[in-house]
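An overview of the molecular structure
These are the residues of each chain, in order.
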Amino acid sequence: MVGSTPGTSPLRDAYRKVCDRIAAAAERSGRKAKDVLMVAVTKNATPDQIRGLVEMGHIDLGESRVQQLGQRVAQLNEFLARHKTLGGAVVAKPNTPAMPEEVRWHMIGHLQRNKVKQVVPLVKLVHGVDSLRLAEELHNYAARTEQVVDVLVQVNASGEASKHGISPPAVPHIVDQIETMLHLRCRGLMTMAPHTDNPEDARGPFARTAELFNEIRGEKVGRDGFNILSMGMTNDFEIAIEEGANIVRIGRALFGETESE
Ligand SMILES: *Cc1c(COP(=O)(O)O)cnc(C)c1O
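Chains are numbered independently. Their residues run from 1 in the order of the written sequence. In keeping with the predicted nature of the model, local features appear solely for residues at pLDDT of at least 70, side-chain atom pairs appear and are counted solely at 80 or more, and the whole-chain, interface and lining totals rest on all residues. The side-chain numbers reported here are obtained from all heavy atoms of the structure, hydrogens and water having been left aside.

What counts, and what does not: UniProt positions are given in the numbering used here, feature names are shortened, and annotations may be inferred rather than shown by experiment.
The protein chain goes by Pyridoxal phosphate homeostasis protein in an unreviewed UniProt entry, where it is assigned to Natronomicrosphaera hydrolytica. On record in UniProt, under Sequence similarities (unreviewed entry), the comment for the protein chain is "Belongs to the pyridoxal phosphate-binding protein YggS/PROSC family." Among the UniProt annotations of the protein chain, the heading Function (unreviewed entry) holds the following wording: "Pyridoxal 5'-phosphate (PLP)-binding protein, which is involved in PLP homeostasis."

**Quick look at the site of the ligand**
To keep it simple, the criterion reads: Definition of nearness: a residue and a molecule or strand are near each other if at least one heavy atom of the residue lies within 4 Å of the molecule or strand. Nitrogen and oxygen atoms within 3.5 Å of one another constitute a polar contact, given that in protein one can donate a hydrogen and the other can accept it, and given that sequence-neighbouring residues count only through two side-chain atoms. Grid points spaced at 1 Å over the protein atoms alone were grouped into cavities, where a 1.4 Å probe fits but cannot get out, and pockets, open sets with protein on both sides within 12 Å along at least five of seven lines, with lining residues defined by an atom within 4 Å of a point. Molecules are considered to sit inside a cavity or pocket once more than half of their atoms lie within 2 Å of its grid points. Residue polarity is assigned by list, with Asp, Glu, Lys and Arg as charged and Ala, Val, Leu, Ile, Met, Phe, Trp, Tyr, Cys and Pro as nonpolar; anything else, Gly included, falls into the polar class.
Neighbouring residues of the ligand: Val41, Lys43, Ser64, Ile108, Met192, Met233, Thr234, Arg249, Ile250, Gly251 and Arg252. Arg249 is positioned such that a nitrogen or oxygen atom in its side chain is 2.8 Å from a nitrogen atom of the ligand. At 2.7 Å, a side-chain N or O of Arg252 approaches an oxygen atom of the ligand. More than half of the atoms belonging to the ligand lie within 2 Å of the grid points that define the largest pocket. Across the shell around the ligand, the residue classes break down as 5 nonpolar, 3 polar and 3 charged.

**Here we look at helix H6 (residues 171-179)**
The α-helix winds at 3.6 residues per turn, so residues separated by three or four positions along the chain end up facing the same way. The condition that has to hold: Any residue under 20% of the maximum accessible area for its type is buried, any over 50% is exposed, and the rest in between are partly exposed; the area is computed with a 1.4 Å probe on protein chains only. For the purposes of this entry, the term helix denotes a DSSP run of H or I that reaches at least four residues, the term strand denotes a run of E that reaches at least two, and both are numbered from the N terminus. This arc corresponds to the set of directions leading from the helix axis out to the C-beta atoms. Between two residues, a contact is recorded if the distance between any of their heavy atoms is within 4.5 Å.
Those residues of H6 not exposed but buried are Val171, Ile174, Val175 and Ile178. Buried residues of H6, viewed axially, fall in a sector of 105°; they line one side. Looking at the buried residues of H6, the elements they touch are strand E4 (125-129), helix H5 (132-144), strand E5 (149-155), strand E6 (184-191) and helix H7 (203-218).

**Considering the packing of helix H2 (residues 47-55) against helix H3 (residues 66-86)**
The condition that has to hold: Geometry is summarised by axes, namely lines fitted to C-alpha atoms with helices restricted to the contacting stretch, and by angles between N-to-C directions that run from 0 to 180 degrees. An angle below 35 degrees is read as roughly parallel, one above 145 as roughly antiparallel, one from 65 to 115 as roughly perpendicular, and any other as oblique. Note on convention: near helix rotated counterclockwise from far helix by under a right angle means a left-handed crossing. Clockwise means right-handed.
At a closest axis distance of 11 Å, the pairing of H2 and H3 adopts a crossing angle of 50°. Taken together, the axes of H2 and H3 lie oblique to each other. You can see that H2 and H3 cross each other, and the crossing is right-handed. On the side of H2, the interface is formed by Pro47, Ile50, Arg51, Val54 and Glu55, while H3 contributes Arg72, Gln75, Leu76, Phe79 and Leu80. Residue composition of the contact of H2 with H3, grouped by class: 6 nonpolar, 1 polar and 3 charged.

**Some points on empty space enclosed by the protein**
To keep things clear, this is the line we draw: Grid points are joined across faces, edges and corners, and a volume is the space filled by probe spheres set on the points.
A full pass over the atoms with the stated rule returns 1 cavity of 30 Å³ or more. Put simply, the largest cavity is a space of about 40 Å³. Every residue along the wall of the largest cavity is listed here: Pro47, Ile50, Arg51, Arg72, Gln75 and Leu76. Contributions of two or more residues to the lining of the largest cavity are made by H2 and H3. Here the lining of the largest cavity is composed, by residue class, of 3 nonpolar, 1 polar and 2 charged.

**Some details on the packing of aromatic side chains**
Formally: Here a Phe, Tyr or Trp ring, Trp counted by its six-membered ring, pairs with any other such ring whose centre lies within 6.5 Å, and the pair is stacked when the planes are under 30 degrees apart, edge-to-face when over 60, and tilted otherwise. The criterion for a charge sitting over a ring is simple: Lys NZ or Arg CZ within 6 Å of the ring centre, and within 35 degrees of the ring normal.
Under the counting rule described, the total for this entry stands at 1 aromatic pair. The aromatic ring of Phe79 is capped on one face by Arg51, whose charged end is 5.9 Å from the ring centroid.

**Points about the pattern of salt bridges**
How we decide: Any carboxyl oxygen of Asp or Glu within 4 Å of a side-chain nitrogen of Lys or Arg constitutes a salt bridge here.
Summed over the entire model, instances satisfying the criterion amount to 14 salt bridges. Note that Lys84 and Glu101 form a salt bridge whose closest N and O atoms lie 3.9 Å from each other. One end of the pair, Lys84, is in helix H3; the other, Glu101, is in the loop between H3 and strand E3 (104-107), and 17 residues separate them in sequence. Glu101 matches Lys84 in its accessibility class, with the two residues each being exposed. As a salt-bridge pair, Arg203 and Glu200 come within 2.8 Å of each other at their nearest N and O atoms. Arg203 sits in the partly exposed class, given a relative accessible area of 24%. Take Glu200: its relative accessible area is 40%, and that puts it in the partly exposed class. Connected through shared salt-bridge partners, Arg28, Glu200, Arg203, Glu242 and Glu243 make up one network.

Next up, the structure:
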C-alpha cells in the first residue's frame, strides 16, 4: 500500500501517546484519565500544529508569552470562524471527535501587571498569580470590566531564587486575601518543577504543593471552587499526576522541540 494510513500523523501519534501516558499515570494515582486535563502549550508549535490539534477535538491551549497569545488567539479564531461558515462536514473525518466551536486559552507564564488588560479578555484561567500586587491589578481590572476572573496562585516549591511564585508558607495567606476580592476566584495552585536532568527531582516539590493544596482546600467549608492543581510538563507530567495534579501543561511531547520563530 502506498500513502499514509488514514488517521495517523506525527501530531496525532504524539497526542495519543501523551493521552495514554496521562491515563496510565491517572490510574496509578487512583483516578481516571478524564480527571486530568491536558493544556497543550503552544509556545513552540506552528499554527498548523495548533489547528491540527483543535481539529482532533482538543480544547485547552496554553501560552506563556503575551504577544504570542494575542497572535495565536487571533489566528485560531479566524480558523474556527471559517470552519463554521464552511460547515463542519468539509473537514470532518470519520471516528474523530467533533471539532470544538470554541477553545479555552490558559495564561501559564509570568504575567506583568501592565499586561493584565491585554491577557484577561483572551483567557479562561490565569495560572501564575505570584504576588499580591498582581492579584490586586487583576481584581481592579475585573471589577472595572464587571467580571469574575479565575486564577491559580503560583507556588515556588523548589526554593529556586530564579523561579516566580509564592513561598509555600505564604501561600495560604495570599489565597485568603484573594478570597476577599469579589471579582477574583482562586481556583487552586500552580507550580513549576526545578530545572534538572532527573524528573524524580520534581517529586518533592510536587508533593509539597499537593499537600499545601489539600490543606487549603480542607481548612474551610465552601471552598469547592478551589479544586485545580496545575503541575507537570513534558519532563515530569507523570510524576505530577502521581502526586495529585489535575492539570498538566504539555508542549514538547506534543509539538516537538522545534522553535516556531
Ligand atoms: C513551556 C511551558 C510548559 C510546557 O513545557 P514543555 O516542557 O514544552 O512541556 C508548561 N508550563 C509553563 C509555565 C511553560 O512555560
